[in-house]
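Coordinate analysis (summary)
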Amino acid sequence: MKQLKAKLEALCIFRELQNDPVISSLHAYLENPTGSAYAGFVAALYSADGGNLGGYVKGLCLNSENVYVKLVGSGKDIPEYLHQSLLAELDILQEVAELDKTKLCASLEYPAFLPDFTTEKLNLKELYLHRAENIGKYGYGIYAKYGMFRVDENAHLVPVPSPDPITLSDLIGYESERGEVIANTKALIEGRPAANVLLCGDAGTGKSSTVKAVANRFRADGVRLVELRKEQLVLLPEVMGEIADNPLKFILFVDDLSFAKDDDGYASLKAALEGSASVKAANAVIYATSNRRHLVKETFSSREGDEIHRRDAIEELMSLSERFGLTVLFSKPNKELYLQIVSTLVKAHGLTVDESTLTTRAEAFALAK
């Protein structure tokens, strides 16, 4: 056990694991093996993972945002000494993952009850090298653990712990519209030219749900969704800079987008859509939804403005939506599609309603609303 303690202290690539509550509790026990220290370690493991040491160590390793995976993700060559260090440290962590109560308490003289825990068989080295070789699908750090993110006030990406689980199979109708978004996302994944997309049209037609469902569908292929509020568009250069060297693909999602002509975010979005070097990342596209075909709110008084070249000014405001490479229109459903949506939702929720009654009530609802 003393040797294992020394090995843990020598971790370099996985140095940050020493600050993990479970690993630090284990280190404390190895340094001073008492019943109390053992119980403290198991309590930390129970709290963190329910008591599965092997699974917990696997998660720590695969989600570690260390120098090795960052180099792999950036496409740079890995020095041989760094690769050998990685292999040696994975052997140490494999040894930790294989610990059980019998091994830990072999030299402990403590007649009272001691809590037990479990582990699982795994080949940590094989798992880790597989993830590194396929880092464009798995990612690393928080990007390996989460699929959806928001942006904080410092332009840092923060995981969404309970993201919308909607899937493409949950959506009814609009297959051709979603097909365009899916095809564009596949192009992004495959490294082919992908367009920024504006999903516009009537409220309640599934524009936002389509973006989230597509992100969920392609998470296993390395797609992550980052949601920005309209007022955060001024942070686009910083957000692009944070993800530019990441091996994953990103959908920057702006929901319910529209501008007044003097909004600060207007210029930032325009620069991003035009491919400005300061706000462009090759691994990212912008997907925006709007109930308006033209994103800049315009009044009659703005058409009468005092600019000499008034027509040019109006066209500049109206042309923002044209800068999206792909515009997908979601129109109100016709009667047939509307009734199909209602019928499918009724079945999905396990309701039993006579078809003629359902049709009558659905049509009445549509007229009333």
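Rules used in this analysis
- Residues numbered from 1 in each chain as written.
- Predicted model: local features only at pLDDT ≥ 70, side-chain atom pairs only at ≥ 80, totals over all residues.
- Heavy atoms only, no water.
- Buried < 20%, exposed > 50% of the residue type's maximum accessible area, 1.4 Å probe, protein only.
- Helix = DSSP H or I, 4+ residues; strand = E, 2+ residues; numbered from the N terminus.
- Right-handed = clockwise from strand over helix to strand, strands pointing away.
- Phe/Tyr/Trp six-rings, centres within 6.5 Å; stacked < 30°, edge-to-face > 60°.
- Axes fitted to C-alpha atoms, helices over the stretch in contact; angles between N-to-C directions.
- Parallel < 35°, antiparallel > 145°, perpendicular 65-115°, else oblique.
- Left-handed = near helix turned anticlockwise from the far one by under 90°.
- Contact = heavy atoms within 4.5 Å.
- Core = buried A, V, L, I, M, F, W, Y, C linked by side-chain atoms within 4.5 Å.
- pLDDT = per-residue confidence, 0-100.

**Side note on the pairing of strand β5 (residues 249–254)**
- A large share of β5 lies buried, amounting to six of its six residues.
- Both faces of β5 are covered, namely the face carrying Lys249, Ile251 and Phe253 and the face carrying Phe250, Leu252 and Val254.
- Each parallel crossover has a hand, and for strand β4 (residues 223–228) linked through helix α13 (residues 236–243) to β5 it is right-handed.

**Quick notes on the packing of aromatic side chains**
- All told, the structure shown has seven aromatic pairs when counted by the stated rule.
- With a centroid separation of 5.8 Å and an interplanar angle of 65°, the aromatic rings of Tyr29 and Tyr38 are classed as edge-to-face.
- The structure contains a cluster of three or more aromatic residues connected by ring pairs, namely Phe14, Tyr68 and Tyr128.

**Notes on the packing of helix α1 (residues 2–9) against helix α2 (residues 21–31)**
- As a packed pair, α1 and α2 sit with axes 9 Å apart at the nearest point and diverge in direction by 140°. Here α1 lies oblique to α2, going by the angle between them. Two packed elements cross with a definite hand, and for α1 against α2 that hand is left-handed. When α1 is examined against α2, the residues Leu4, Lys5, Leu8 and Glu9 are found in contact with a partner set consisting of Leu26, His27, Leu30 and Glu31.

**Some words on the environment of Val328**
- Topologically, Val328 is positioned in strand β7 (residues 326–330).
- Relative accessible area serves as the criterion here: at 1%, Val328 is assigned to the buried category.
- With residues up to four places along the chain from it excluded, the contact list for Val328 reads Glu177, Glu180, Val181, Val197, Leu198, Leu199 and Cys200.

**Section: unusual backbone geometry**
- For Tyr174, which is not a glycine, the phi torsion comes out positive at approximately 55°.
- Here Tyr174 shows up in the loop between β2 (157–159) and α11 (175–189).
- Given a relative accessible area of 9%, Tyr174 falls into the buried group.
- Of note, Asp256 is a non-glycine position whose phi angle comes to about 55°, a positive value.
- Structurally, Asp256 can be placed in the loop between β5 and α14 (264–273).

**Regarding the nonpolar core**
- In terms of nonpolar packing, the biggest core is built from 45 residues, with Phe14, Phe41, Leu104 and Tyr128 touching the most fellow members.
- Contributing elements (two or more residues each) for this core: α1, α2, α3 (35–49), α4 (53–62), α5 (67–73), α6 (80–97) and α8 (124–133).
- Top contributing element to this core by residue count: α6, with seven residues.
- Those residues in contact with Phe14, other than ones at most four positions away along the chain, are Cys61, Ser64, Asn66, Leu86, Glu89, Leu90, Leu93 and Tyr128.
- If you look at the next biggest cluster of nonpolar residues, it comprises 30 residues, including Tyr143, Val239, Leu257 and Ala284.

**Description of the confidence of the model for the chain**
- When pLDDT is averaged along the chain, the result is 88, and 89% of the positions lie at 70 or above.
- In the model of the chain, helix α15 (residues 300–303) stands out as the element of lowest mean pLDDT, 45, in contrast to α6, which has the highest, 97.

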